[in-house]
Amino acid sequence: MSAARAMIRVVDLYKSFGKQQVLKGVTMEFTKGKITTIVGTSGCGKTVLLKHLNALLLPDRGQVFIDSVDITRLKQKDLYEMRGRFGVLFQGAALLDSMTVFDNVAFPLREKTTMAEAEIRKKADERLDQVGLEGMGHKYPAELSGGMRKRAGLARALVMDPEIVLFDEPTTGLDPVLATGIHQLIARTQQTFGFTGVVVSHTIPQVFEISDYVAILANGVIEEFKPTKEFQSSQNPVVQQFIQGQTEGPIQVL
Amino acid sequence: MFELLGQIGRFTLTQLAAMGKMFIFLLSALGLAFRRPAKIRLIIYHIKTFGVDSLSVVVLSGFFTGMVMGFQGYYSLRKFNAESWLGSATALSLLRELGPVLAAFMVTGRTGSAMAAELGTMRATEQIDALYSMAINPIKYLVSPRIIASLIAMPLLTAIFDVVGIYGAYLVGVGLLGVSSGSYFSGMESSVVFHDVYSGFIKAVSFGLIITWVCCYKGFHAPPMATGVSQATTESVVLSFVFILVWDYFLTSIML
Ligand SMILES: Nc1ncnc2c1ncn2[C@@H]1O[C@H](COP(=O)(O)OP(=O)(O)O)[C@@H](O)[C@H]1O
Ligand SMILES: [Mg+2]
């Protein structure tokens, strides 16, 4: 991984909430046009790390660089512009309850572009088709199953043709068939759009199939970060403990 | 002793910091409310929910407040042989004081708590983060339209409360206790001046602002979990009540 192709670089990131130290010096990078997966136990800080990548959270210490710009020091206006380059699929999809699925997908286009309504319809419908939700646009998020909500969230995340897409546990809580479906969807859309993907997941080993790189977050730091093949065969005890799901080992559980 | 002083100091500092954060929240919501593009559709939508949600409870409580005032006013005024001033006494206390305050309490309980719960849920389910990540300012999108809507809807609800209350007292005073209908309204006409209506209006507008401000702030900053939402809802109601009463005292003392 040469630094030149790193889209995002995270350098020595620290974050605490009150007395609880969540990130204790995270350093890693995300290669342009590739999918990097972060695994780790529940509550280890994966979502917190992800939210630093588009400055939804600001670190206590450390930097996040996107195209060598330190986004932890951006002014309000530049911050909004930077966030426009991201698409985010949140853990619970985070669709706006007050509007239909179609309006949710069309929402960023309506708010952030000057496109005509007909164009907006076409594009939003196209994204809904791509995630297999054709004809579901008129429903409200509360009327959808968990898997459908995730797919709608994915359609919204992709509607602005983002350069970087963050996926927070896209398959947690889904049945294995649907999980594979979502993984294939991520891989397919990544090939279509060529975005830089960051996936947070603990659906292993399935998630390895779509990942170019895998990192493991444990005890507040990145314990291992390798191309997928090497990660899977890593003898690092942290990786071994996680893959085999043991409670005894270097990862502090509870 | 020093321990105690230290604790008082720490407490004061955290409270001051919290107040500061609340004021910044209010100022940015107000600032963004008048920044283009204006969210007319959202404002109309929120006027509708704000008004319609609270209408029935405002009418009901206004009616019973008025009827109670009919009895109590009659009882007190009769001691001075002044029953004929019942209309005037009722109208003045409703317009100047009871209408704005009680209507604001009802709206806090009905609409304010719902606002806190709604924004708290949006925080817990990451909808607010989703807005940020779509480069949309959630304060402008969620809070500013609600503030404008409350500035418009609150005086209207208060006016409805006043009118219903005056007729409630009329029903009891004139219908049950035999005050003459003519003196009920002529007393009102001769004693109520524009300043009374105006001061009630100012109160209603500012109470509307307080309710939306406090309830949106509490919901917006709710800790992201289920208990956080219920806690934010309770706190928003209690804090709104306190702010309304304190601000009411302040306004009454300068506008009397
Ligand atoms: N806004 C917040 N306020 C306080 N604590 C938080 C906040 N966000 C996350 N945390 C805490 O940080 C830890 C890591 O959370 P998270 O990143 O959501 O875990 P996960 O790896 O499962 O995504 C948790 O213990 C959580 O309670
Ligand atoms: Mg998480």
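These figures come from a predicted structure and were not determined experimentally.

Draft legend 1. View of the pairing of strand β4 (residues 61-66) of chain A. Residue and element names in this part refer to chain A. Pairing geometry for strand β1 (residues 6-17) and β4, over five bridges, is antiparallel. When the bridges of β4 are listed, V11 appears paired with Q63. Strand direction decides the pairing type here: β4 and strand β5 (residues 69-70), joined by two bridges, are antiparallel. Looking at the pairing, I66 lines up with V69 of β5.

Draft legend 2. The site of ligand 1, seen in detail. All names here are of chain A. In the vicinity of ligand 1, the contacting residues are F17, Q20, V22, T41, S42, G43, C44, G45, K46, T47 and V48. Note that an oxygen atom of ligand 1 is positioned 2.7 Å from one of the side-chain N or O atoms of Q20. Here an oxygen atom of ligand 1 and a backbone polar atom of G45 are 3.0 Å apart. In the complex, 64% of the free accessible area of ligand 1, which totals 560 Å², lies under the protein chains. Secondary structure elements with two or more residues in the shell around ligand 1: β2 (20-31) and α1 (46-53). Across the shell around ligand 1, the residue classes break down as four nonpolar, six polar and one charged.

Draft legend 3. The environment of T108 of chain B, seen in detail. Residue and element names in this part refer to chain B. Relative to the helices and strands, T108 resides in helix α3 (residues 86-124). On a C-alpha basis, the gap between T108 and F207 in space is 9.5 Å, while along the polypeptide they are 99 residues apart. When near neighbours in sequence (up to four residues on either side) are disregarded, T108 contacts S113, I211, V237, S240, F241 and I244.

Draft legend 4. Layout of the coordination of the magnesium ion (ligand 2). All names here are of chain A. Note on the magnesium ion (ligand 2): its protein donors are T47 (OG1) and Q91 (OE1). The metal-donor distances range over 2.0 to 2.5 Å. Taken together, the positions of T47 in helix α1 and Q91 in the loop between β6 (86-89) and α3 (101-112) put the pair 44 residues apart, joining distant regions of the chain. T47 gets classed as buried once you look at its relative accessible area, which sits at 19%.

Draft legend 5. Highlighting the environment of K112 of chain A. Structurally, K112 of chain A is set in helix α3. Separated by 30 residues in the primary sequence, K112 of chain A and M82 of chain A have C-alpha atoms spaced 13 Å apart.

Draft legend 6. The arrangement of the sheet that holds strand β9 (residues 213-218) of chain A in detail. All names here are of chain A. The mixed open sheet is built from six strands, whose spatial order is β6-β7-β8-β3-β9-β10. The sheet terminates laterally at β6 and β10 (221-227), the two strands that pair on one side only. Here the strands of the sheet are splayed against their neighbours by 15° on average, with no regard to which way each runs. By the bridge criterion, five bridges tie strand β7 (residues 164-168) to strand β8 (residues 196-200) in an arrangement that is parallel.

Draft legend 7. A look at the sheet that holds β5 of chain A. Residue and element names in this part refer to chain A. Read across the sheet, four strands follow the order β2-β1-β4-β5 without closing on themselves; strand pairing throughout is antiparallel. Each end of this open sheet is capped by a strand with a single partner; those strands are β2 and β5. Sheet contacts for α1: β1, β2 and β4; angle to β1, the most-contacted strand, approximately 125°.

Reading the values: the criteria
- Residues numbered from 1 in each chain as written.
- Chains lettered and ligands numbered in written order.
- Predicted model: local features only at pLDDT ≥ 70, side-chain atom pairs only at ≥ 80, totals over all residues.
- Heavy atoms only, no water.
- Pairing = 2+ DSSP bridges.
- Helix = DSSP H or I, 4+ residues; strand = E, 2+ residues; numbered from the N terminus.
- Near = heavy atom within 4 Å.
- Polar contact = N/O pair within 3.5 Å; in protein donor to acceptor, adjacent residues only side chain to side chain.
- Areas by Shrake-Rupley, 256 points an atom, 1.4 Å probe, with all protein chains shown as cover.
- Nonpolar A, V, L, I, M, F, W, Y, C, P; charged D, E, K, R; others polar.
- Contact = heavy atoms within 4.5 Å.
- Donors = N, O, S within 2.8 Å, 3.2 Å for Na, K, Ca; no water.
- Buried < 20%, exposed > 50% of the residue type's maximum accessible area, 1.4 Å probe, protein only.
- Axes fitted to C-alpha atoms, helices over the stretch in contact; angles between N-to-C directions.

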